[in-house]
Amino acid sequence: METKIYKLDYHAIDPEIIKEAAAVIRNGELVAFPTETVYGLGANALCSDAAKKIYAAKGRPSDNPLIVHIAKWQDLLYIAKDVPKEAEKLAKAFWPGPLTMIVNKNDRVPRETTGGMDTVAVRMPSHPAALALIRESGCLIAAPSANASGRPSPTMAEHVAEDLGGRIPVILDGGEVGIGIESTIIDLTEEIPMILRPGYITEEMLKSVIGEVRIDPGIIAADSAVKPKAPGMKYRHYAPRADLKIVDGSKDAVIETINALTEEQQKQEKKVGVIGTDETAACYRGDLILSVGSREDEDEIARQMYRILRAFDESGVDVIYSESFATPRIGQAIMNRLLKAAGHQVLMAQQNNGGRKIV
Ligand code: TXA
Ligand code: MG
């Protein structure tokens, strides 16, 4: 299949391009499009055959439900069985934006879209191209991240083309996304609303609107017996091809430890990648050293993370050592993705003994 790629200007979305893409959605086919978080792979959410095509194109397990993207509040009422009072408050505070809410679904939503679940995940994105596509199609659009299953989420149209080129008819290229990590997911079907995936909208922001909020215990403890409630969070997503380890500790100890590890690996003829920051990148001696941005700018770190993980895949490094990024606001979301990419391998750096212990 030929994949058409259309460039869009964020500030002046071309209505002709949106019309063409909307017709593709209405025909039950797939369109990749930018959102403010990551690129999505869209299909008509209320048509089971269209939803099935998403799973096929991505190679996604069929039990992993999709997020339904909407353009107006009434769309949520159209597909929800009952709407908890928190939903309206959260929508007023954070929609359109990077928050996904889980509510009970009604019969309008096919089980293919929800991976067999009785609940449905709903989000109103803020990217003007996403909103225009939903409105023009007249459909609700189911859209997971537009990567091949198991690869880092796409933050640029080029990433989508890399993974899905030739497998989908249309990619809307809106340039680099603004946030770079997927939306926060909050489950409103729980007695106490529960965060199933941390994101740009933090626990504190949610609490300030609806009061008590819990975090799914399954996403905190890596190898605990507790399974995450969002089916997609149990998979080892975002995994780069090389073996990725996170090195945690004070700045100097981390640099010393990563350099010691690098030397050990290079003696064994291994190529070493390092994920550092603008403040530290010059201190490393690996074969490929990439900075995720300044430690002072956590938004930049979130925006760059997936692009950097992809860049290592192309470089052919054997191992990657990464600094830890438990930054004040969205550090939880950044580390959630990085820990998954690393299969939760974390080394504690110790200074002045060249050694380190595995936690
Ligand atoms: O920012 C985002 O949310 C992006 C953009 C494209 O909007 N989308 C995205 O979709 O990240 P995806 O499919 O890559 O991740 C959706 C996550 C998965 O972990 C899935 O298991 C979970 O949401 N999920 C969806 N519906 C659910 C439900 N009814 N109950 C529990 N988890 C659900
Ligand atoms: Mg995804």
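Residues numbered from 1 in each chain as written. Chains lettered and ligands numbered in written order. Predicted model: local features only at pLDDT ≥ 70, side-chain atom pairs only at ≥ 80, totals over all residues. Heavy atoms only, no water.

*Asks:* A description of the overall build of the chain should follow, citing residues and the corresponding values.
*Replies:* Across its full length, the chain holds 11 helices and 17 strands. Computed over C-alpha atoms, the radius of gyration of the chain comes to 21 Å, within 12% of the 21 Å expected from 2.2 N^0.38 for 359 residues, which places it in the range of a compact globule. C-alpha extents for the chain along the principal axes are approximately 60 × 50 × 35 Å. Relative to its full complement of 359 residues, the chain shows a buried share of 57%. For the chain, the share of sequence-separated contacts (at least 6 apart) that also reach a separation of at least 24 residues comes to 67%. (Helix = DSSP H or I, 4+ residues; strand = E, 2+ residues; numbered from the N terminus. Rg over C-alpha atoms; globule rule 2.2 N^0.38 Å. Buried < 20%, exposed > 50% of the residue type's maximum accessible area, 1.4 Å probe, protein only. Contact = heavy atoms within 4.5 Å.)

*Asks:* Mind laying out the site of ligand 1, listing which residues take part and the relevant values?
*Replies:* Near ligand 1 lie 29 residues; those nearest to it are Thr37, Asn64, His69, Ser183 and Gly232. One of the side-chain nitrogen or oxygen atoms of Ser145 is found 2.9 Å away from an oxygen atom of ligand 1. Burial of ligand 1 by the surrounding chains reaches 98%, relative to a free accessible area of 690 Å². For the shell around ligand 1, the secondary-structure elements that each account for two or more residues are strand 4 (67–69), strand 6 (119–123) and strand 10 (194–197). Here the shell around ligand 1 takes four residues from strand 6, the largest share from any one element. Its residues assigned to classes, the shell around ligand 1 comprises 16 nonpolar, nine polar and four charged. (Near = heavy atom within 4 Å. Polar contact = N/O pair within 3.5 Å; in protein donor to acceptor, adjacent residues only side chain to side chain. Areas by Shrake-Rupley, 256 points an atom, 1.4 Å probe, with all protein chains shown as cover. Nonpolar A, V, L, I, M, F, W, Y, C, P; charged D, E, K, R; others polar.)

*Asks:* So, the pattern of salt bridges: which residues are in play, and what are the values?
*Replies:* Following the criterion strictly, the structure yields 24 salt bridges and no others. Salt-bridge contacts for Glu86 lead to Lys85; the nearest nitrogen and oxygen are separated by 3.5 Å. Residue Glu86 is classed as buried on the basis of its relative accessible area, which comes to 14%. With a closest N to O distance of 2.9 Å, Asp163 and Arg310 form a salt bridge. (Salt bridge = Lys/Arg side-chain N within 4 Å of Asp/Glu carboxyl O.)

*Asks:* Residue-level account of the pairing of strand 13 (residues 272–276), with values.
*Replies:* Burial within strand 13 is extensive, with five of its five residues counted as buried. The side-chain alternation of strand 13 yields two buried faces, one formed by Val272, Val274 and Gly276 and the other by Gly273 and Ile275. As judged from the four bridges shared by strand 13 and strand 15 (residues 319–323), these two strands associate in the parallel manner. Considered in strand 15, the bridge of Val272 is made with Val319. Taken together, the four bridges between strand 13 and strand 14 (residues 288–291) define a ladder with parallel strand orientation. Within strand 14, the position partnered with Ile275 by the bridge is Leu290. (Pairing = 2+ DSSP bridges.)

*Asks:* If you had to explain the domain arrangement of the chain to someone new, which residues and values would you point to?
*Replies:* Domain annotation for the chain reports domain 1 (4–230) and domain 2 (243–358). Each of domain 1 and domain 2 was reduced to a C-alpha centroid, and the two centroids are 29 Å apart. Each partner contributes to the interface: domain 1 provides 27 residues, whereas domain 2 provides 18 residues. Roughly 1900 Å² of surface becomes buried between domain 1 and domain 2 when both sides are summed, with 53% attributable to carbon and sulfur atoms. Per-residue buried area on domain 1 facing domain 2 is highest for Pro152, Ile181 and Pro198; these three make up 28% of the total on that side. At the surface where domain 1 touches domain 2, the tally comes to four salt bridges. (Domains from an automatic or database assignment. Buried area = accessible area lost by both parts, 1.4 Å probe.)

*Asks:* How would you summarise the packing of aromatic side chains if you had to cite specific residues and measurements?
*Replies:* With the rule as written, the count across this model stands at zero aromatic pairs. Lying over the aromatic face of Tyr78, Arg108 brings its terminal NZ or CZ to 3.9 Å of the ring centre. (Phe/Tyr/Trp six-rings, centres within 6.5 Å; stacked < 30°, edge-to-face > 60°. Lys NZ or Arg CZ within 6 Å of the ring centre and 35° of its normal.)

*Asks:* With reference to specific residues and values, describe the side chain of Thr114.
*Replies:* Along the chain, the position of Thr114 falls in the loop between strand 5 (99–104) and strand 6. Classification of Thr114 by relative accessible area gives buried; the value is 0%. Side-chain polar atoms of Thr114 contact the backbone oxygen of Met117, separated by 2.8 Å.

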